[in-house]
Structure formats: C-alpha cells, structure tokens
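Here is how the chains run, residue by residue.
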Amino acid sequence: MSSGAKDQVGRLLALVPLIRRRGAMRVDEVADMLGVSPAQLVKDLKVLIFCGWPGWYPDDLIDVDLDALEPGGDGMIRISNADCLQEPLRLSTAEASALLVAVRALRDSADPAVLPSIDSTLEKLEGAVEGTPVASVQVPPRERELSAFRTKLAEAIRDARQVRLGYHVPARDEDTERTVDPIAVVSHQGVSYLDAWCHSAGERRSFRLDRVLGVSVLETAAEDHDLEPLDLGDGIFRPSEEQPLVTLQLAPRARWVAEYYPVVDARESAAGALEVDLRVADRAWLDRLLMRLTPHVTVLAPAEFTASYRQATSAARALYA
C-alpha cells in the first residue's frame, strides 16, 4: 500500500472521475477499490482540496466535504467543482503516438531478454488506442539506427571494450573513423553525446550521437584513463590551456557571443563594445563564427588569427565584386 506522491496522484486521478460518475460513495468502499487504507484515502482527499484550475481562487479549487470524513460524519465521499476531471484519464492520439514510437524504437535495439516485457507493453498500448491509425506509426530509419548505436555503446561501456566510431565532423565536412574508449553516454540541453577517450586525438572528446555514422564494438579491452565523471554544469565544451587564446572585440550587436559561448575573460571597451578572450579548439569553427559576426567583430590577437580573418573577409567581398 504505497503512499508516495506519484501513487497519490494516480489515485486522485482515478478517484475524482469515479465519484463524479457514481455520486457519493463510502470511504471504506473506495479505499478497498484503490487498494489503500481508509486513513490514507482521507489524507489523499485533504490534498485534493488544494487542486484545481490555475488561478487558485476558491472557485477554481475542487471541493470535498471534509466534515463528512471527520469522526461523527457519515463517512461518505462527496466531491464538487471538478468538472475538469469528469472523464477517466485517457491518452490523446498524439500522446499514444509518442509512446508507441518510443517503445518501438526501444524494441528494435533491445536485449532479447527484455523483449517479452516490451511486446507486452506494446500490446497494451495498441489495445488502448482501440485500433485507431496511431497503431500504424513507424519509427524513422535514422531513429532506429541511433537507438541501435546507443545499445552497442551501452554494451561496450558495460564490457569495457573499445569502439570503432564513424563520425562526421561538420567543421571540415569530413567523415572520419577513429578508435575510442567509451566512458558514458550523456545528455546536455536535449542532445546526447558519447563521452570517450579518442585515440586519434590523444585526449578526451565528446561526440554528438546524431553525427555518429557507425559503431563497431571491438574485442580490444578499453584502457582505464582514470577520468572524473563529465561535469556538464558549464556546458559540453571544456577549454584547455593548450588551445589558442583568441581576443575579440565585439560591437554591441555581437555582445551575445559572451553569453552563448564560454569565455575566459570579458572586459568593457569603448563605445559599448566588449572585449572577450576565448579558447579555440577548432580553427574552422572560429572562421565560421567570425564570418557570421562580420562587420561587428574585430580580432585583436593573436596576429595570425587577425591576418587569417582579414584574408577571409577580403575573399568573401571579392565574390561580390
């Protein structure tokens, strides 16, 4: 007889439509139907009086006859002002579609041992939608592929095996292949990444799963690099002292860069401009950023980056000459 918050919400969502449909019912009868003690059901009802429509004025809240539940009362549950919960809780077509897509994607890459449980869940969901077209929703091929990649990576992490990773690098528009020691699959702002030690780079790297082209689990044991768990509190990019430090002067219309990207230091400059220092891991990434910011950015240092930016802008202007 669980009395946790999640169980309590489930009971109340079932209780209100029941009482609205049948009318007043005895506490002990309803408690037996819900599998809880009468005392627990009364506690639930004392929470229900704080529920209702946004606004939280008295007329917005559900009414419960608490006097009837006190010693000396008739022990009957009476609920009013709850028309919003008149009908039993049901999944909408969109909600059922989302659940079916997610479960089917999970099934495509699941361990055989859990397939009976997944199939049972699918059967119940498809039965719940009563044969509507939602049951024919198909998982996009790329989603199935990414789900399979996640399963392989989970196996490699569990068994401490190296992985051969096919990966697209958008900064160079290049498909690469590398061997990595997988550490964990993590998420940041809704995007999944593989945290791994990359043998090609000789350092820890994060790989976006939606840019992964292929995953092969190798027989070779992954090396133990004694790394701390990845802290995503400051974002996925982790500046290194070995990366070049670039100083930019941002005009007012480009000041957003200091809020969007991790900067080492920021200083107010003349005419509302902002000087920022930031580490650059990929030269091509900086070139693209600078071209987006033109003419609201100036590269102050180092000199080689200043010259490179001037050449890039001159070449761009020549295209329109």
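Residues numbered from 1 in each chain as written. Predicted model: local features only at pLDDT ≥ 70, side-chain atom pairs only at ≥ 80, totals over all residues. Heavy atoms only, no water.

In terms of helices and strands, the chain carries nine helices and 13 strands. Out of the 321 residues in the chain, the part that is buried amounts to 32%. Residue pairs in contact within the chain that sit at least 24 positions apart in sequence constitute 54% of those at least 6 positions apart. When the accessible surface of the chain is split by element, carbon and sulfur atoms take 52% of a total near 19300 Å². (Helix = DSSP H or I, 4+ residues; strand = E, 2+ residues; numbered from the N terminus. Buried < 20%, exposed > 50% of the residue type's maximum accessible area, 1.4 Å probe, protein only. Contact = heavy atoms within 4.5 Å. Areas by Shrake-Rupley, 256 points an atom, 1.4 Å probe, with all protein chains shown as cover.)

This next bit is on the packing of aromatic side chains. Following the criterion strictly, the structure yields five aromatic pairs and no others. When the centroid spacing of 5.0 Å and the interplanar angle of 80° are considered together, the rings of Y167 and F207 count as edge-to-face. Separated by 40 residues along the polypeptide, Y167 in strand 5 (residues 161–169) and F207 in strand 8 (residues 203–208) bring together distant segments of the chain. Both residues of the pair, Y167 and F207, count as buried. Aromatic side chains Y260 and Y261 sit 4.9 Å apart centroid to centroid with 80° between the ring planes, which places their arrangement in the edge-to-face category. Its relative accessible area of 61% is what places Y260 among the exposed residues. Assessed through its relative accessible area of 15%, Y261 is described here as buried. Through a chain of ring-to-ring contacts, three or more aromatic side chains come together here, namely W256, Y260, Y261 and W285. Above the plane of the ring of F305 lies R283, whose end atom (NZ or CZ) is 4.1 Å from the centre. (Phe/Tyr/Trp six-rings, centres within 6.5 Å; stacked < 30°, edge-to-face > 60°. Lys NZ or Arg CZ within 6 Å of the ring centre and 35° of its normal.)

Further remarks concern the pattern of salt bridges. By the definition in use, this model includes 16 salt bridges. The shortest N-O distance in the salt bridge between E29 and R22 comes to 4.0 Å. Look at R22 and you get exposed, because its relative accessible area is 52%. Notably, a salt bridge pairs E304 with R283, separated by 3.9 Å at the nearest N-O pair. Within this pair, whereas E304 is found in helix 9 (residues 303–318), its partner R283 is found in helix 8 (residues 283–293), the two being separated by 21 residues in sequence. By relative accessible area, which is 33% here, R283 ends up partly exposed. Among the charged side chains, a network of salt bridges with common partners joins D265, R267, E275 and D277. (Salt bridge = Lys/Arg side-chain N within 4 Å of Asp/Glu carboxyl O.)

A word on the packing of helix 1 (residues 5–22) against helix 2 (residues 27–34). The contact between helix 1 and helix 2 brings their axes to 11 Å, and the two run at 135°. Here helix 1 lies oblique to helix 2, going by the angle between them. With respect to the hand of their crossing, helix 1 and helix 2 are arranged in right-handed fashion. Along its contact with helix 1, which presents R11, A14, L15, L18, I19 and R22, the element helix 2 presents E29, V30, M33 and L34. Grouping the amino acids of the contact of helix 1 with helix 2 by side-chain chemistry returns seven nonpolar, no polar and three charged. (Axes fitted to C-alpha atoms, helices over the stretch in contact; angles between N-to-C directions. Parallel < 35°, antiparallel > 145°, perpendicular 65-115°, else oblique. Left-handed = near helix turned anticlockwise from the far one by under 90°. Nonpolar A, V, L, I, M, F, W, Y, C, P; charged D, E, K, R; others polar.)

With that settled, consider the pairing of strand 10 (residues 245–250). The sheet contact formed by strand 10 and strand 12 (residues 274–279) spans six bridges and is antiparallel. Bridge pairing in strand 12 links L245 to R279. Across four bridges, strand 10 lies against strand 13 (residues 297–301) in antiparallel orientation. Bridge pairing in strand 13 places L248 opposite V299. (Pairing = 2+ DSSP bridges.)

Let's shift gears to unusual backbone geometry. Along the chain, T294 connects to P295 via a cis peptide bond; the corresponding omega equals 5°. Positionally, P295 belongs in the loop between helix 8 and strand 13. Going from A301 to P302, the amide bond is cis rather than trans, its omega being -5°. Of note in this structure, A160 is not a glycine but carries a positive phi near 55°. Note on placement: A160 falls in the loop between helix 6 (141–159) and strand 5. The backbone phi angle of D226 is positive, close to 50°, even though this residue is not glycine.

Next up on the list: the nonpolar core. Counting residues in each nonpolar core, the largest one holds 20 residues, and the members touching the most others are L41, L45, L48, I77 and I79. Elements supplying a minimum of two residues to this core: helix 1, helix 2 and helix 3 (38–48). Broken down by element, this core gets its largest block of residues, five residues, from helix 1. The contacts of L41, once residues within four sequence positions are left out, are L15, V27, V30, A31, L34, V36 and I77. Counting residues in each nonpolar core, the second largest holds 18 residues, with A254, L286, L290 and F305 among its members. (Core = buried A, V, L, I, M, F, W, Y, C linked by side-chain atoms within 4.5 Å.)

This next bit is on the packing of helix 1 against helix 3. The interhelical angle for the contact between helix 1 and helix 3, taken along N-to-C directions, is 80°, at an axis separation of 10 Å. Compared by their axis directions, helix 1 and helix 3 come out roughly perpendicular. Where helix 1 abuts helix 3, its residues Q8, R11, L12, L15 and V16 lie against Q40, L41, K43, D44, L45, V47 and L48. For the contact of helix 1 with helix 3, the per-class residue count stands at seven nonpolar, two polar and three charged.

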